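So the chains spell out like this:
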Amino acid sequence: MEKFQVNNITLAYERFGRGAPLMLIHGFPLDHTSWSETTPLLKNDFDIILLDLRGFGQSTTIEIPYTMSDMADDLAGLLDHLEIEKVALAGHSMGGYVALAFTRKYPQRVSGLGLISSQAAADSSERKSGRYQTIRDVTQKGVGVVAEAMTPKLSADVRVQAFVRPLMERQPPSAVIGALKAMAEREDLMSHLSTVSFPVTLIHGSVDMLIPIERAKEIKAVIPSAGLVELQGVGHMPMMEASRQTADGLRLLAG
Ligand code: MLT
């Protein structure tokens, strides 16, 4: 991967393909490799930018707490570095929270938004306190506790499980803790979404155990023009469980 310095971190990224710029943002606690079954299907349609969010994969992080808005600034820094003014963003789950924060802070730089297995609502108080409990568990026992708890919830497909578990186990505790805090404290962006003017595509599995498909339907209710790709029998990892339909959904952002 290529690397550069921004906002006191080193950010790792890859760029390939041809067409309109599309930035793919991975979920928690994964890295850019989670897209590797989908990007071959999109590289003739898009100038693809893949990154590792701060702390994950080959990117570094900082100890002090940070927010989704700080991670959105990392994306803006990457676009500046690549001299790209406007981009379509597609975020998987937590990557969707970062993409949403970006659309709020830099709406003029967004040509389209894809939310894959994600949501615009903030955490319930129960989910928020669960995240702080997970932070305590990771601090005491390491990242393995997250990998163990999340693997069966990400997908029922054993092939996907065999890929994501070691990927999660490799992520540093500092990244997992930093992202958990940022997710717990993120804003509710449902009302922001009702104001956007760029195309929105929602891609969601019908049996997602982490973020139910109702969250995507709620967004569709506030943006009736949004495309909603419902993937029957698919869990939280559409880019691996249904890569072709996911690519077809993202192609709607080609403009
Ligand atoms: C993710 O897959 O990125 C996370 O499960 C999202 C979340 O915990 O809200």
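The following paragraphs examine the structure supplied in this document. Within each chain, residue numbers correspond to sequence positions counted from 1 in written order. Only residues with pLDDT of at least 70 are given local features in this predicted model, and only at 80 or more are side-chain atom pairs given and counted; all residues enter the totals for whole chains, interfaces and linings. Where side-chain values are given, they derive from all heavy atoms of the structure, hydrogens and water being excluded.

With respect to the sheet that holds strand β7 (residues 200–205)
Move 1: In space, the eight strands of this open sheet follow the order β1-β2-β4-β3-β5-β6-β7-β8, with mixed pairing throughout. The open sheet has two free edges, formed respectively by β1 (2–6) and β8 (227–231), since each of these has just one partner strand. Strand-to-strand twist in this sheet, taken as the mean axis angle between neighbours without regard to direction, amounts to 20 degrees.
Move 2: Here, any two strands with at least 2 DSSP bridges between them count as paired. To qualify as a helix, a DSSP run of H or I must reach at least 4 residues; to qualify as a strand, a run of E must reach at least 2; elements of each kind are numbered from the N terminus. Here strand β2 (residues 9–17) runs beside strand β4 (residues 46–51); their pairing, made up of five bridges, is antiparallel. Geometry is summarised by axes, namely lines fitted to C-alpha atoms with helices restricted to the contacting stretch, and by angles between N-to-C directions that run from 0 to 180 degrees.

Brief notes about the pattern of salt bridges
Pairing between side chains becomes possible if they bear opposite charge and their charged atoms approach one another.
Move 1: In what follows, salt bridge is the name for a side-chain nitrogen of Lys or Arg lying within 4 Å of a carboxyl oxygen of Asp or Glu. If you walk through the whole model with that rule in mind, you get 15 salt bridges.
Move 2: The partner of R215 in a salt bridge is E218, and the shortest N-O contact between them spans 3.0 Å. In this pair, R215 and E218 both sit in helix α8 (residues 214–222), three residues apart, roughly one turn of the helix.
Move 3: What makes R215 partly exposed here is its relative accessible area of 25%. When a residue's accessible area, from a 1.4 Å probe over protein chains only, is under 20% of the maximum for its type it is buried; when over 50% it is exposed; and in between it is partly exposed.

With respect to the site of the ligand
Move 1: Whether a residue is near a molecule or strand is decided by its heavy atoms; if any one of them lies within 4 Å of it, the residue is near. In the vicinity of the ligand, the contacting residues are G27, F28, S93, M94, Y97, R127, R131, M150, M183, L210 and H236.
Move 2: Throughout this description, a polar contact denotes any pair of N or O atoms lying within 3.5 Å of each other; where both atoms belong to protein, one of them has to be capable of donating a hydrogen while the other can accept it, and for residues adjacent in sequence the pair is counted only when both atoms sit in side chains. Backbone polar atom of F28 to an oxygen atom of the ligand: 2.8 Å apart, as the coordinates give it.
Move 3: Side-chain polar atom of H236 to an oxygen atom of the ligand: 2.7 Å apart, as the coordinates give it.
Move 4: Residue assignment for the shell around the ligand shows that the elements contributing at least two residues are α2 (94–105) and α3 (125–141).

Focus on the layout of surface pockets
Move 1: Its boundaries defined by the atoms lining it, the largest pocket holds a volume of some 480 Å³.
Move 2: Lining of the largest pocket is provided by 21 residues; of these, R127, R131, T134, M150 and L210 occupy positions nearest its centre.
Move 3: Elements represented by at least two residues in the lining of the largest pocket include exactly α2, α3, α4 (144–154) and α6 (173–184).
Move 4: Broken down by element, the lining of the largest pocket gets its largest block of residues, six residues, from α3.
Move 5: We call Asp, Glu, Lys and Arg charged. Ala, Val, Leu, Ile, Met, Phe, Trp, Tyr, Cys and Pro are nonpolar, and the rest, Gly among them, are polar. For the lining of the largest pocket, the per-class residue count stands at 12 nonpolar, five polar and four charged.
Move 6: The volume enclosed by the second largest pocket comes to roughly 220 Å³.
Move 7: In terms of lining residues, the second largest pocket is bounded by 15 residues, among which M68, S69, A101, E187 and L189 are the most central.
Move 8: Of the residues forming the lining of the second largest pocket, the biggest block, four residues, is contributed by α2.
Move 9: Residues that form the lining of the second largest pocket fall into these classes: eight nonpolar, three polar and four charged. Cavities and pockets were defined on a 1 Å grid built from protein atoms only: a cavity is a group of points that admits a 1.4 Å probe but offers it no way out, a pocket is an open group of points flanked by protein on both sides within 12 Å along at least five of seven lines, and a lining residue is one with an atom within 4 Å of any such point. Grid points are joined across faces, edges and corners, and a volume is the space filled by probe spheres set on the points.

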